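Structural overview
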Amino acid sequence: MLELQKGNYQGLIRKLWVWSFRGLVLFILYIFAVSNNFLWLFGKMPSLQELENPKSQLASTLISEDGEILGKYFRENRSPIEFEELSPNIVNALIATEDARFAKHSGIDLRSTLRVITHLGTAGGGSTISQQLAKALFDTRRPDEPGEQESYKGLFGRIPGFRTLIFKTKEWILAIRLENRYTKQEIMKMYLNEVSFGNNTFGIQVAAKTYFGKDASKVSVNEAALLVGMLQNPNLHDPVRHPEGAKNRRNTVLLQMATYGYLPEEDKVVLQEKPLNLNFKIENQNTGSAPYLRESVKKSIQDAIKEINSSRDEEDQINLYTSGLKIFTTIDSRMQQYAESSINNHMKEEQKKFYAHWKGRNPWIDENNREIKGFIDNVAKRTARYKNLKEQYGDNEDSIKIEMNRKVRMSVFSWSGDIDTLMSPIDSIKYYKRILNCGFMSMDPNNGHVKAWVGGINFKYFKYDHVRQSKRQPGSTFKPYVYACAIDNDLHTPCDYIVDEPTTFGTEDGLLKPWTPQNSEGHFSYEPMSLRRAMGRSVNSVAAKLMKELGPAKIAEFAHKVGIQSALNEVPALCLGASEVSVFEQVASYSTFVNGGIRYEPIMITKIVDKNGNVLKEFFPSYKEVISKNTAYLMTHMLKGAIQEPGGTAEGLKRYSCAKDNEIGAKTGTTSNYSDGWFMGITQNLVTGVWVGGDDRSIHFRTLALGQGAKMAMPAFANYMDKVYADRSLAAAGYKKEPFKKPENFSMSFDCGTAVGPDTVQVAPPPTQKPKENEDGFLK
């Protein structure tokens, strides 16, 4: 009997060994089959190269000249950081919550796995951080993509139940492979850089910025607990949408940290009672600094990337939105901040004046100050919403009208912040057409580096860029090209006298009927004045006389030579700024005067660097000497006249500190009906252009007192320059008060005798006889 029992026992042992051996063989074969996608049944696995160079979608960053991040281009907003940049609170919270035995296992924690199996999953998850990294990094559970020949799923991956086993097996295999190739710190860094935190926020650095407005290195215990707690389910534990649930989850993480010795019990109790204290701000294309510049340079960057990719293999191709590029710009973050704040403060006040000016009336008027009938309806027909309704309802205008007047929930811009409201599309058009906009650009004339760029009042609601896209009539800011052309052609000097009297253009000038330009004051003084005083006071009649002498073609040629790129109508009205140009062109052209006659093409990007620090492409400014040094320097003297000459259009600049003990040149511009207000300001190291107006030319102030460039645009320039000069760090970088550079061997005298100032002496002007007028004011 004992022998029989002994024999049965030995037989049972042998069977167990046989079955164990068979099981082990089957397990090895199964692992081999999954690893190699046997007969395409299990779906592919990441290759060795993919393991060593895992590809995450990394945001490309736009970086200022002084090293600050201006904004990003991304599909998934992810900015990787090194392990050393992580707050220890994040590391401790993650280990305590997700993988307490992280330092002890090699990718798979058998104890946790057995606990999950024996407790049927009620004791928590068994996935290690390495397994979770494998799942996140290679996304082995993702569905097939259209047109994909070999997917991660495979034929067996379509069988419920078996599919989960295959996915888990792949994650085990990948976790072990990752552990063999990376250190524990590298695995944790990769994991925290990869995972999602909801709200299109990927990676711990972006999460810390999004939810708390700080770097991951500065995250507190409570903040770390909240962020780590979100990993379980970012949507369910979203602290913005579900604050109570997020707080409960955070407290669970704090409990885990106390359990595993990362947090004293008394601290846990105190921290669990604290509020979330969010500083939530989602980063997108509408946020960050210099959004209009980011959009403007995007095409140039894409063209450069296309050029780089043309010499690369397909697997090495780079992408602006996913490759983690660093794009270095010429923008100075401090100047950009000063420009944006100055524009915001000024435009807020201008908008108040505009509302008060048009109170009780619609501001869309014709040249006779009469409301334009059907203006809003015509604007509405150009909108995408109207065009969609047109496709839906055809010629049924009544139905379209009903929909266009139906109130819908929308968010609208206001200077007090976004307003969530109910408003019809027609009412929203009326609302936005009453809002003034602007364009602002500041450039270093000595190298063409653009330092600040503000294309509008709010990029979220007004995408159209008023620096480079928009072209408007420049008014009197075009006159310096007329005066400079006369000086460059040796027809006049700044001290030559010209009488302020009517100049008429007729059929000999290509006009169908005679045209006599009027001065802004509505009359002529019939007094002689130097060119400098005439330009400083922006006297139209003198500019017209120079146009008569030079001709439109020569002036247009000169303007193009110094930097204007837009087509110019070669007509007499060109001397008063009748042809449209951009702020971008104006700044570039005025810079030629400051830089000794050398025209620099404005440059915004200096280099593109890949995620590993390799320089992919560098950009250098192009320049050319287009006018003589003497002409250029004389024009800086001429432009100073707007501030120094009695009655100069920029005399108001003297009220600001930027003009004290400094050489500043300026030119104001105001177009017909006050549709456009311009200001151009030059110093030795910065040239700045400002435009203010309505998006439609029919929307404007009705008086010179409110609608002139000196009121609409100059204060924004002055406040910006005040801030720049007050910044000692910018002074150390060379942006400080200093005189314009005089060319060597320059000997011309500036003693015009038209004003008392640092460059002039006071003498009597030559006499002239004023023509007599009849009763109606017409010349005899």
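1. Comments concerning the overall build of the protein
When helices and strands are counted, the protein shows 27 helices and 18 strands. Expressed as a percentage of its 780 residues, the buried residues of the protein come to 51%. Sequence-distant contacts in the protein: of pairs separated by 6 or more residues, those separated by 24 or more amount to 69%. Counting only carbon and sulfur atoms, one obtains 51% of the accessible surface of the protein, whose full area is about 37800 Å².

2. Here we look at the packing of helix α9 (residues 221-230) against helix α10 (residues 243-259)
Put simply, α9 and α10 touch, their axes get as near as 8 Å, and they point 110 degrees apart. Judged by the angle between their axes, α9 and α10 are roughly perpendicular. Once α9 is placed against α10, the crossing between them reads as right-handed. Across the interface between the two elements, V221, N222, A225, L226 and G229 of α9 pack against A246, R249, R250, V253, L254 and M257 of α10.

3. Things to note about the sheet that holds strand β1 (residues 60-63)
Read across the open sheet, the five strands follow the order β2-β1-β5-β13-β14; overall the sheet is mixed. Whereas interior strands pair on both sides, the edge strands pair on one side only; in this sheet they are β2 (69-73) and β14 (615-618). The average undirected angle you get between the axes of adjacent strands in this sheet is 20 degrees. Across four bridges, β1 lies against β2 in antiparallel orientation. By the bridge assignment for β2, S60 is matched with Y73. Sitting on the sheet, helix α12 (residues 291-309) is in contact with β1, β2, β5 (326-329), β13 (605-609) and β14, with an inclination near 60 degrees to β2.

4. Some points on the sheet that holds strand β18 (residues 687-694)
As summarised here, the arrangement of the five strands in space is β9-β8-β18-β17-β16, forming an open sheet in which the pairing is antiparallel. The strands lining the two open edges of the sheet, one partner per strand, are β9 (449-454) and β16 (665-670). The sheet shows a mean angle of 10 degrees between the axes of neighbouring strands, taken without regard to direction. Pairing of strand β8 (residues 436-444) with β9, which is carried by five bridges, proceeds in the antiparallel orientation. The residue bridging D444 from the neighbouring strand is H449, located in β9. Taken strand by strand, helix α22 (residues 583-594) contacts β8, β9, β16, β17 (676-682) and β18, and its axis lies near 150 degrees from that of β18. Against the sheet, helix α23 (residues 629-644) makes contact with β16 and β17, and its axis sits at roughly 65 degrees relative to β16, the strand it touches most.

5. Some points on the side chain of Q336
Looking at where Q336 falls in the secondary structure, it is placed in helix α13 (residues 333-357). The class of Q336 is buried, set by a relative accessible area of 0%. Within the local environment of Q336, its side chain forms a polar contact with the side chain of E340, the two groups lying 2.8 Å apart. With residues near it in sequence (within four places) discarded, Q336 still touches S289, A290, I331, K451, A452, W453 and V454.

6. Examining the environment of S470
Among the structural elements, S470 can be located in the loop between β9 and α18 (479-488). Residue S470 is classed as buried on the basis of its relative accessible area of 6%. The spacing of S470 and C438 is 32 residues in sequence and 10.0 Å in space, taken between C-alpha atoms. Among the polar contacts made by the side chain of S470, one reaches the side chain of H466 at a distance of 3.3 Å.

7. What to know about the nonpolar core
Of all hydrophobic cores here, the largest spans 136 residues; its most connected members are I301, M441, W453, Y481, L653 and Y720. Judged by nonpolar contacts, the second largest core, of 45 residues, contains L137, A225, V228 and L231.

8. Some remarks on the confidence of the model for the protein
Here the protein shows a mean pLDDT of 87. Residues at 70 or above account for 85%. Scored below 50 in pLDDT, residues 120-124 makes four contacts in the model with residues more than four places away or belonging to other chains. Confidence drops under pLDDT 50 across residues 144-150; counting only partners more than four residues distant or on other chains, this segment forms seven contacts.

Calculation criteria
- Residues numbered from 1 in each chain as written.
- Predicted model: local features only at pLDDT ≥ 70, side-chain atom pairs only at ≥ 80, totals over all residues.
- Heavy atoms only, no water.
- Helix = DSSP H or I, 4+ residues; strand = E, 2+ residues; numbered from the N terminus.
- Buried < 20%, exposed > 50% of the residue type's maximum accessible area, 1.4 Å probe, protein only.
- Contact = heavy atoms within 4.5 Å.
- Areas by Shrake-Rupley, 256 points an atom, 1.4 Å probe, with all protein chains shown as cover.
- Axes fitted to C-alpha atoms, helices over the stretch in contact; angles between N-to-C directions.
- Parallel < 35°, antiparallel > 145°, perpendicular 65-115°, else oblique.
- Left-handed = near helix turned anticlockwise from the far one by under 90°.
- Pairing = 2+ DSSP bridges.
- Polar contact = N/O pair within 3.5 Å; in protein donor to acceptor, adjacent residues only side chain to side chain.
- Core = buried A, V, L, I, M, F, W, Y, C linked by side-chain atoms within 4.5 Å.
- pLDDT = per-residue confidence, 0-100.

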